[in-house]
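Structure assessment
These are the residues of each chain, in order.
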Amino acid sequence: MKYREIIADNLKKRGWSLGYVSAIDSEGRTIWIVDAHRDGKRYVVRADEKLTAFVELELAVSSRSSPPPS
């Protein structure tokens, strides 16, 4: 299992819905956009590498949100 898949699984277990897409910027470079949303909160991260985008998303969600109520 890839590390980005572990991050995605962990976020999904905490109630987040995830999505990601690659795009080409104006200079022809691939960029990755990853987002997570839950309970009206949404986090969107853009990075040059897929793994970097997932790690940054995990950090953003973890540092700014609490786990869902039990």
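One structure accompanies this document, and this report is about it. (Residues numbered from 1 in each chain as written. Predicted model: local features only at pLDDT ≥ 70, side-chain atom pairs only at ≥ 80, totals over all residues. Heavy atoms only, no water.)

Each helix and strand counted, the protein chain has two helices and three strands in total. Counted from the first residue to the last, the protein chain has its helices and strands arranged as α-β-β-β-α. Looking at the protein chain residue by residue over its 70 residues, the buried ones come to 33%. Sequence separation of at least 24 residues holds for 29% of the intrachain contacts in the protein chain that already meet a minimum separation of 6. (Helix = DSSP H or I, 4+ residues; strand = E, 2+ residues; numbered from the N terminus. Buried < 20%, exposed > 50% of the residue type's maximum accessible area, 1.4 Å probe, protein only. Contact = heavy atoms within 4.5 Å.)

What follows deals with the packing of aromatic side chains. Within the structure shown, the criterion is met by three aromatic pairs. Between the aromatic rings of Y20 and W32, the centroid separation amounts to 6.2 Å while the plane-to-plane angle is 45 degrees, which identifies the pairing as tilted. Here the residue Y20 occupies a position in strand β1 (residues 17–24), and W32 occupies one in strand β2 (residues 30–38), the gap between them amounting to 12 residues. The exposure class assigned to W32 is buried, which follows from its relative accessible area of 18%. Relative to F54, the ring of Y20 has its centre 5.5 Å away and its plane inclined at 70 degrees; by these criteria the two rings are edge-to-face. Separated by 34 residues along the polypeptide, Y20 in strand β1 and F54 in helix α2 (residues 50–64) bring together distant segments of the chain. Residue classification places F54 among the buried positions, given a relative accessible area of 3%. Joined through ring pairs, the aromatic side chains of Y20, W32 and F54 make up one cluster. (Phe/Tyr/Trp six-rings, centres within 6.5 Å; stacked < 30°, edge-to-face > 60°.)

By the secondary structure assignment, A23 is in strand β1. Residues A23 and L57 lie 34 residues apart in sequence; the distance between their C-alpha atoms is 17 Å.

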